[in-house]
Amino acid sequence: MQRRLLLSAIVFYLACEAYAQPATRITLHLPRTTLERFIDTIQKMGRFKFNYPENVNLYREISIWVDSATFRETAQLALKDLSITAGFFTFEGNEVAVLTPIPVLDLKGRVLDDRGQSVDDAEVHVKNAQVFTATDRHGFFRINHLPDSAILEVSGPNIVPLEQGAWGRKTFVIIVKRRFNSLPGFTLAYNDGYQRIKAVSATGSYSMEDQADLDRVVGRNLADHLNGQLSGLTPGSPGNSLGFGIRGHNTLLSSGTPLLVWDNFAYAGRTDDVNIYDLQSITALKDAVAAGVWGAYSGNGVIVFTSREGRYNQKPSITLTMNTTITEKPNLFYQPRMSSSSYIAADSILVRHDYYNDHIHDPVFAINPAVDVLWKEQNGLLTAADANTQLLGMAHHNILSDLSRYYYRAAVNQQVHLSTEGGGADSKYYLSIGYDRDPTALVRNRYQRVTLHEAYTVRPGSSNLEISLSGNLAVVNTRDNNEGNVPVAYPFASLAGPSGQPLPVSYMYNPAFVDTAQNSYPLDWHYRPLQELALADIRRGRVDGHLQALVKYQLRKDLSAEALGRWMKGHSYLSNLYNKSGFFVRNLVNTYSQGPAGGFSPIPDSDILMTADTNYTAYNLRGQLHFHPATKGGNQWNLFAGAEIDDAGAAGETRLIYGHNNAVGNTPMDPQHLYPTRPDGGEAKIPTDDEFLNLINRSISVYSNVSYNWHQSYTFYSAFRMDASNVAGVPNSERWGPFWSVGASHNLLTGSDRDSTKRWGPLLKVRASFGCNGNTSNRTAYLVTQPLVDNAYNVRQIGILSPPDPSLGWEKTYIFNAGLDFAFFRDSASRHGRIFGSLDLYQRWSVNLLSNDSLTPSAGVTFYQGNTAAITGNGIDLSLTSINTLQKLKWTSTLVFSVSRDWISRYRFQPVSPSGYVSGEYLQRGKPSTALFSYQWAGLDPLDGSPRGYFRGQVSKDYPSLMSGPGAGLSYNGSWQPVVFGSVLNTFCLGRFSLSARVLFKTGYYFRRPSIDYNALGMGISPGHRDYDRRWQAPGDEQWTSVPSFPVTMDPNRDLFYLNSSALVTRADQLRWQDCSFSYEWTPGMSAFAKKKAAPLPFKKAVFYIYVNNIGLLWKANRYGIDPDAAGDGDLPAARAYSMGARITF
Amino acid sequence: MKYITSLVFCCLTVLSLLSCRKYLDKQPDASLQVPGSVADYRAILDQDVNTAQCTPGLGPMGTTDYWVDPSVQSGLSALSLGASTWQPDLYQGNTLSSWSNPYTAIYNCNVVLDGLPQLTGLDNADKTEYNAVYGGALFIRALQLFYLEETFGQPWRPGTAAVDAGIPLRLSADPLKTTPRSSVQAVFGQIAADLSHAAGLLPVAVQVSNRNRPCRSAAYGLLARIWLTQQDYLQAKRYADSSLLLYDSLVDYNTIDSTTAHPFPTAGNAEVLFQCSAFNYPLQYAKTTMVDTTLFNSYAPDDLRKVVFFQRASSGSGMNFKGDYTGLFYLFSGIAVDDIYLIRAECKVRSGDIAGAMSDLDTLLARRWRKGTFRPLTVLDPVEALQLVLTERRKETLFREGRWSDLRRLNQNPATADTLSRVMQGVPYTLKPGDVHYTWLIPMQEITLGGITQNPG
């Protein structure tokens, strides 16, 4: 080395001699050259000398572009991307650079696809080394201490795998090919509303639907897109507006709806305002680590909607989605109602027993026409023959035919969605407009929606600053003129005459009275359902919008700060215009009419308008810091902290305006004046519906989490969050609820190995998490009072509505989750394995739950709710995908399987009587929160066919005791919500054709099937039940039926006991063919055939599809012909819907 | 620049956290009203439930001032039958309004007592009203505690009051605070202290237009009653004096229209210092409930109470009581001047001032007898005088809540003790002096949930 230097110096000296004017500044333009040529060129300039050992690779490609630079600057620039360092010194007037090769280097790279779009979901492995990483959202990745000669393997769900040598470069771009018709994906990152969590190191439990899943289902409703498609998503409780819960029930009195997050902030608006086509994914956050980032609002799990936002370096594209759905006309005859002839037969029994004697002349009892005829016949006012003729006419008519004809139709629903997206190096955008038009299955009803969505992101100049602005606007208006039913119970009511003219029915008043009322009342008093339908004018609508801004600034290489804000505003309205010809107005005018025939009425004979308006505004503001210090020896720290402040307010009012559209103008009513009312002779005030609403919810949250990753093998995670709101906790110290979680994961088998034959070995990751999530209620900790009417001395008095509860706290759910992510049979064709998925087992303890409680009577508070109950639960979530064939025909099966069980572990309130349990009002310790209880059934009395139960172990017919006595027999039947549920999706792809079908299953639950309620039948408020025909009629019938006999005297308790007895509890298990999708995808250039075509097609890709939803039940456990999903009184099964559509990308 | 940005960011976070207390104090729902003024607390105290049909009313069921028409005896509810024949096992499982209603009133008072001191920025006018409301809450709480004690707590026995079990003393508005039973002495101590405190705060004048609101003389009157029950006749006389000094109007029954269904007005009875009524068990006002015949016959023909208090039952077999000072068919449990006169008379007899006692009786009875028929009393024998005072006391305060309390006190002394007896459905029942059933059973719910000890029985 020394000798060589000396030699160089001599050579250099000689060279100086040769060139009289040696250069001190270098100007050199060599865009593509080798290191060797560079050295050669510089040395020829004189006074500059390179000195290097033999192992320096002189054939590396470099670029150099300098003007009048020093030697040192030039050399450093040239070596920038090479694994070579240089030392400089001056020797005898010459500037000398000594080059030393570095054995390892820190590599920074970026993965782009062949269209220049960044690939954010690629994995980068170092061949033959247990080192791998994944690209970030801009396609960037970073590997430290990479050997000079390393080879990188790039793979991902939607790209063709690629190997590329690092060749000693410190930065470079890898171009990969996109793979179309991609197979079901292995998710690489989840969005939790705060940040993106890499799946490879996630410690929490997530499940996700990507855009392909969302596109597969045609439906406006979010529920259609969630149903059976996410593991851990269970059918929701009645108070759950979403219809789905996550992993069962964690609360008793508070809302059980999972928190909805739209992009970055909690979304309290209607899910209906979210256009599914604007979303790129839906993610369910299920355990303490995943959901816990939302602290006090995460007790029911979290569902995150992620909107599309365009991509950097993406060519602009326009996508048009159009579809039409035809929904079958509902089958009203599904309802197990009594036939007209049975109903008349029942009426005749009642008339024979003089049941209607008190009512037949009562003007306010709506007697049905058959009773009228029967009574007249019995009292000799009608001959038996005449009566029979009239009754026969009635028996042949069924109101369901009229309803089906005049109220229902097949619905043709249309959806159009147009979006454009793209991006340059500095910006990206997404813009869309959607239009939905659904006339619905009910005549005179309509639904219309227009949505606008926008997202624009810019990172001006440097990539240190990123600003994005996004917004959504939804305008919805509906007409709700048709309720789909008429308020008439008797089944032979005829709605239209021969020429279709509306006919009156017996409603509210005795028809005999109504017919003569014309003479003594100002207006006609008949009720004609079809006229009501034609006059109804009920409009609902809303305009909702939000704007969201995000500013992200990279403060340092390892520290970034983000500020986010959202402003939401909305207005919703309801207007119900009661036409003056309609029954509502006529009835009011008549009821309040004063004086003799046709006298004065304080109600003007003109339209009445009911309006309800609500305005709501919400602000959210968040600031967060993200610190990820430089890695050292394969370790990675990630620190994340922030704070958020939320304010949501709603104000509204309801008004009832009399004299609307009147020549005189609106007529104010005296709300205090007591008027005599007719025909019942009572006294009443004129109804004024004026109500006001003013709600404000405020909350503040601070949160932080830390994760530590060790050699891509172990990940440790911990999070802490504090929430406070203006609802819970009066003393400020108790307002803050602390929530926390810890988690860890370990890659047991990472797949890549030094031995290349084992390279495609199984992937196996175990993870565990534990933590505490919270749930809020709308209960307040303040002492709340309500005004009462003045006291006996006519002074103001106010009562205490709810006592102050200084101990009111957050409901808390502790969840332990153990999970396993796996992928087996991996090969180069299926990077993520032929079988892959995840399995989660969890145990949860929901404590501090608000529940009804009985305090000691000396507390002086009769009704009290406190944080006193607890639910324990556990379950399994399995999601498993198997690629069955991968040749020409690709057949993939995906199983989503969940088990969710729970039981009440702490509940202080115990009612004295079993009716509290049967009604579901009270819960029993040790039983599920969804327990179905019934009265023990002792069969029918063989003597008279009355239902019987057990009282203190003895067969009894004492119904009040059977329901409310402390010794009454009570049966626990099981849960009314499925314990096991899930779905199987099979997808077949053959070339450009794809066919898929999903089957849902739900088991381990029960329902109470409706049956005949004799008392309601007699009162004329029930259309009866088909079970009537199976009733006990003679001794011996009890052998084959459990339907009680027709009672001699009406006893509501007898019916109540029977309807809630275990005789009617039925297994609800079912297997349902939910949907089927058939699609044809056309990508020009995808096949050889397209290439032959000379004329280029105007689009990049087109997908045509046919989709059938709600296909039907395959199997059900009950033998009563009841669809368990439509088991309630009056329920109709979801109608089958056929869709046809296209998605074209230009 | 970078550091300034992060500094500003951190400062903003800290600032927002500091100001969050105020931010989060906002009411979540405007339709919910949180009391925030003296007037609001006045309205809470003015609730009918604090004074109407709220005192236990169970004691009067145990007196033998009435009998039940045999024809309806078999139809009595378990509670009526059990209470009227001192068989506590017949009602103990029930949620007893006699227990919970007074405690609801006590809870309302506690809300007022806890909430008022937290008000700020009061002016002088507010201060006067503040005192009246605060004193009123103390008074009503004391009244309810007294009747509860006299129903469910052991009777005051001079020797053992410090160890006998009284009732739970609920003195805080926190419904979750479990409260054990205090000793009888502690209960009376609390009541006396509260009333003395209240007397200093309450308005001097009788609240003529609103007798649901107590006045100072009512507080003294109740204090007299408390000390009478504690058999401290000196103290009782002192407070009776104080009360009568402030207000001593008596109604002349000659001015009362005896023919009406309810001869006394609901609001304007000049004798009532504080209006309050007992829980309305149907047995107490049913037309089939008759006044004890001996008691009825003890009224002299010229005694107007014979027609003002009673009317022949529609069934014709006895007399119904109609002389309730509530003006309705509910039993009176407030404070009235006639009672204070009788307390003072008894105290005077017991301290040897027979003449003074007779003078008080004269003052009272002169307004009860037909005009010009009453002759002043001339009894000189102390035993006879005491008997006279007690008889007049029974005749004046029958069918009132306080009667049970008198029985509990008087049966401790053999001279004034009586064995109560009743025949119900052909079965004779008796209640001997000192019987454990002079103290009613506490509802089971309180025993199980509150973990307190039950009374013997």
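Residues numbered from 1 in each chain as written. Chains lettered and ligands numbered in written order. Predicted model: local features only at pLDDT ≥ 70, side-chain atom pairs only at ≥ 80, totals over all residues. Heavy atoms only, no water.

**Q** Help me understand the overall build of chain B in this model?
**A** When you go through chain B residue by residue, the secondary structure sums to 19 helices and 10 strands. Over its C-alpha atoms chain B spans a radius of gyration of 25 Å, differing by no more than 12% from the 23 Å that the globule rule assigns to 457 residues. Taking the principal axes of the C-alpha coordinates as reference, chain B spans close to 105 × 45 × 45 Å. Buried residues in chain B amount to 57% of all 457 residues. For chain B, restricting intrachain contacts to residue pairs at least 6 apart in sequence, the fraction spanning at least 24 positions comes to 73%. Carbon and sulfur atoms provide 57% of the accessible area of chain B, an area that totals close to 17700 Å². Across chain B, 39 positive and 42 negative side-chain charges occur, with their mean positions spaced 2 Å apart. (Helix = DSSP H or I, 4+ residues; strand = E, 2+ residues; numbered from the N terminus. Rg over C-alpha atoms; globule rule 2.2 N^0.38 Å. Buried < 20%, exposed > 50% of the residue type's maximum accessible area, 1.4 Å probe, protein only. Contact = heavy atoms within 4.5 Å. Areas by Shrake-Rupley, 256 points an atom, 1.4 Å probe, with all protein chains shown as cover. Lys, Arg positive; Asp, Glu negative; His and termini not counted. Charge placed at Lys NZ, Arg CZ, Asp CG, Glu CD.)

**Q** Sorry, what's going on with the overall build of chain A here?
**A** Regarding its fold elements, chain A presents 19 helices and 53 strands. Oriented by its inertia axes, the alpha-carbon framework of chain A measures out at about 145 × 70 × 65 Å. Long-range contacts, defined here as pairs at least 24 residues apart, represent 70% of the contacts in chain A between residues at least 6 apart. Summed over all atoms, the accessible surface of chain A reaches about 49200 Å², with 57% contributed by carbon and sulfur. Averaging the locations of the 106 positively and 100 negatively charged side chains of chain A gives two centres separated by 9 Å.

**Q** How do you make sense of the sheet that holds strand β15 (residues 206-210) of chain A when you look at a structure like this?
**A** Strand pairs in the sheet, formed through backbone hydrogen bonds, run parallel or antiparallel to each other. The strand order β15-β20-β21-β18-β19 (chain A) describes an open sheet built from five strands, whose pairing is mixed. If you trace the sheet from one side to the other, it starts and ends with β15 and β19 (265-266) of chain A, each paired once. (Pairing = 2+ DSSP bridges.)

**Q** Can you walk me through the interface of chain B and chain A in this structure?
**A** Quoted interface sizes are often the accessible area lost when the parts come together. Contact residues are listed per partner, giving 51 residues for chain B and 56 residues for chain A. Applying the counting criterion to the chain B and chain A interface returns one salt bridge. Between R796(A) and D40(B) there is a salt bridge, with its nearest N and O atoms 2.7 Å apart. Applying the counting rule to chain B against chain A returns eight residue pairs in polar contact (both at pLDDT 80 or more). For the side of chain B that touches chain A, the element with the most residues is helix α1 (residues 2-18) of chain B, which contributes eight residues. (Salt bridge = Lys/Arg side-chain N within 4 Å of Asp/Glu carboxyl O. Polar contact = N/O pair within 3.5 Å; in protein donor to acceptor, adjacent residues only side chain to side chain.)

**Q** For this particular structure, what's the right way to read empty space enclosed by the protein?
**A** Gaps between atoms show up when a probe of the same size as a water molecule is rolled over them. Residue and element names in this part refer to chain B. Counted according to the given criterion, the structure contains 14 cavities of 30 Å³ or more. Taken together, 19 residues make up the lining of the largest cavity; nearest its centre are Y147, R225, G334, D339 and G402. Here the lining of the largest cavity is built from residues that sort into seven nonpolar, five polar and seven charged. (1 Å grid on protein atoms, 1.4 Å probe; cavity = no way out; pocket = protein on both sides within 12 Å on 5 of 7 lines; lining within 4 Å. Points joined across faces, edges and corners; volume = space filled by probe spheres on them. Nonpolar A, V, L, I, M, F, W, Y, C, P; charged D, E, K, R; others polar.)

**Q** Before we go on, may I ask you to explain the sheet that holds strand β5 (residues 94-101) of chain A in this structure?
**A** All names here are of chain A. Read across the open sheet, the three strands follow the order β2-β5-β4; overall the sheet is mixed. Both outer strands of the open sheet, β2 (48-51) and β4 (84-91), are each paired with one neighbouring strand and no more. The sheet shows a mean angle of 25 degrees between the axes of neighbouring strands, direction not considered. The sheet contacts of helix α2 (residues 35-44) involve β2, β4 and β5, and relative to β2 the element is tilted by about 145 degrees. (Axes fitted to C-alpha atoms, helices over the stretch in contact; angles between N-to-C directions.)

**Q** How do you make sense of the pattern of salt bridges when you look at a structure like this?
**A** Side-chain pairs of opposite charge can arise whenever the charged atoms involved come near each other. Residue and element names in this part refer to chain B. Scanning the entire structure with this criterion turns up 64 salt bridges over all chains. Between R141 and D194 there is a salt bridge, with the nearest N and O atoms lying 2.9 Å from each other. Within this pair, whereas R141 is found in helix α8 (residues 124-152), its partner D194 is found in helix α9 (residues 184-201), the two being separated by 53 residues in sequence. Here D338 and R368 are joined by a salt bridge, their closest N and O atoms 3.9 Å apart. Taken together, the residues span a long stretch of sequence, with D338 in helix α15 (residues 337-350) and R368 in the loop between α16 (354-366) and α17 (382-396) at a distance of 30 residues. Ionic contacts of the salt-bridge type, sharing partners, join the residues E271, D303, R305, D338, R368, E392, K395, E396 and R400 into one network.

**Q** Mind showing me how you'd approach the pairing of strand β39 (residues 811-824) of chain A here?
**A** For a regular strand, the rule is simple: side chains alternate between the two faces of the sheet. All names here are of chain A. Pairing of strand β36 (residues 763-775) with β39 involves 13 bridges; the strand directions are antiparallel. By the bridge assignment for β39, N773 is matched with T813. The pairing of β39 with strand β40 (residues 835-853) spans 13 bridges and is classified as antiparallel. From the neighbouring strand, G819 faces β40, where its bridge partner is D840.

**Q** Just checking my understanding: could you explain helix α7 (residues 97-115) of chain B for this structure?
**A** Structural remark: α-helix, 3.6 residues per turn; residues separated by three or four positions point the same way. With 19 residues, α7(B) extends 26 Å between its outermost C-alpha atoms, agreeing within 8% with the 27 Å of an ideal straight helix rising 1.5 Å per residue. Where burial is concerned, most of α7(B) is hidden: 16 out of the 19 residues are buried. (Expected span 1.5 Å × (residues − 1).)

**Q** Would you mind showing me how to read unusual backbone geometry here?
**A** Note: most residues except glycine have negative phi, and most peptide bonds are trans. Residues and elements named next belong to chain A. Across the junction of R678 and P679, the peptide omega takes the value 0 degrees, indicating a cis bond. Tracing the backbone through its elements, the reader meets P679 in the loop between β31 (674-676) and β32 (683-685). In this structure, D354 takes a positive phi of about 60 degrees despite not being glycine. By secondary structure assignment, the location of D354 is in the loop between α7 (340-352) and α8 (369-378). Residue D354 is classed as partly exposed on the basis of its relative accessible area of 40%.

**Q** Whenever I open this one, a nonpolar patch on the surface confuses me. Can you help?
**A** All names here are of chain A. Taken together, the side chains of I318, M322, V416, L418, I433, Y435, V450, L452, L473, V475, V543 and F1146 present a nonpolar region at the surface, about 860 Å² in accessible area. By secondary structure assignment, the location of I433 is in strand β24 (residues 427-438). Owing to a relative accessible area of 41%, I433 belongs among the partly exposed residues under this scheme. (Patch = residues over 30% accessible without salt bridge, like charges linked within 9 Å, V, L, I, M, F, W, Y side chains within 5 Å.)

**Q** Explain the packing of aromatic side chains to me, please; I cannot follow it from the model alone.
**A** In this description, a pair of aromatic rings is defined by centroid distance and the angle of the planes. As enumerated under the stated definition, the model contains 71 aromatic pairs over all chains in all. Here R1031(A) stacks its cationic end above the ring of Y1028(A), 4.1 Å away from the centre of that ring. We note R422(B) situated over the ring of Y66(B); from NZ or CZ to the ring centre the distance is 4.3 Å. (Phe/Tyr/Trp six-rings, centres within 6.5 Å; stacked < 30°, edge-to-face > 60°. Lys NZ or Arg CZ within 6 Å of the ring centre and 35° of its normal.)

**Q** What exactly am I supposed to notice about the packing of α8(B) against helix α18 (residues 402-410) of chain B here?
**A** Describing two packed helices takes the angle between their axes plus the distance from one axis to the other. Residues and elements named next belong to chain B. Where α8 meets α18, the closest approach of the two axes is 10 Å, and the angle between their N-to-C directions is 50 degrees. With respect to α18, the element α8 is oriented oblique. Of the two elements, α8 crosses α18, and the hand of that crossing is left-handed. In this structure, α8 uses F146, Y147, E149, E150 and T151 to contact α18, whose residues at the interface are G402, W404, S405 and R408. Its residues assigned to classes, the contact of α8 with α18 shows three nonpolar, three polar and three charged. (Parallel < 35°, antiparallel > 145°, perpendicular 65-115°, else oblique. Left-handed = near helix turned anticlockwise from the far one by under 90°.)

**Q** Before we go on, may I ask you to explain the side chain of R1143(A) in this structure?
**A** Residue and element names in this part refer to chain A. On the secondary structure map, R1143 appears in strand β53 (residues 1137-1145). Its relative accessible area of 18% is what places R1143 among the buried residues. Residues in contact with R1143, not counting those within four places in the same chain, are D215, T319, L320, T321, K1101, A1102, V1103 and Y1105.

**Q** Looking at this structure, how should I read the confidence of the model for chain A?
**A** Note that predicted coordinates carrying low pLDDT should not be read in detail. All names here are of chain A. Counting all residues, the mean pLDDT for chain A is 84, and 90% of those residues have values of 70 or more. Overall, residues 751-757 carries pLDDT values under 50, and its contacts beyond four positions in sequence, including any with other chains, amount to 16 contacts. Counted against residues more than four places away or in other chains, residues 1086-1094, with its pLDDT under 50, gives five contacts. (pLDDT = per-residue confidence, 0-100.)

**Q** Please clarify how α17(B) should be interpreted in this entry.
**A** All names here are of chain B. For α17, spanning 15 residues, the distance from its first C-alpha to its last is 21 Å, which sits close to the expected 21 Å at 1.5 Å a residue. Those residues of α17 lying buried are A385, L386, V389, L390, E392, R393, K395 and E396. Contacts from the buried residues of α17 go to α10 (216-229), α13 (293-297), α14 (305-308), α15, α16 and α18.

**Q** Any chance you could explain the environment of S929(A) here in plain terms?
**A** All names here are of chain A. Structurally, S929 is set in the loop between α15 (915-918) and β43 (931-935). For S929, a relative accessible area of 11% corresponds to the buried category. Other than its neighbours up to four places away in sequence, S929 contacts H249, L252, I871, D902, I904 and L923.

**Q** I would appreciate a short explanation of the state of the cysteines in the present structure.
**A** Two cysteines form a disulfide when their sulfur atoms are joined by a covalent bond. Tallied over the entire structure, the rule returns zero disulfides over all chains. The thiol of C1076(A) is unpaired, and the distance to the nearest cysteine sulfur, on C989(A), comes to 13 Å. By relative accessible area, C1076(A) is classed as buried at 19%. Cysteine C276(B) remains unbridged, with the sulfur of C54(B) as its closest cysteine sulfur at 4.3 Å. (Disulfide = S-S within 2.5 Å.)

**Q** Explain the confidence of the model for chain B to me, please; I cannot follow it from the model alone.
**A** Residues and elements named next belong to chain B. Summing up the model confidence of chain B, the mean pLDDT is 88 and the portion of residues at 70 or higher is 93%. Mean pLDDT per element in chain B: α1 is the minimum at 54, and α10 is the maximum at 96. The complex model carries a pTM of 0.77, and its ipTM stands at 0.86.

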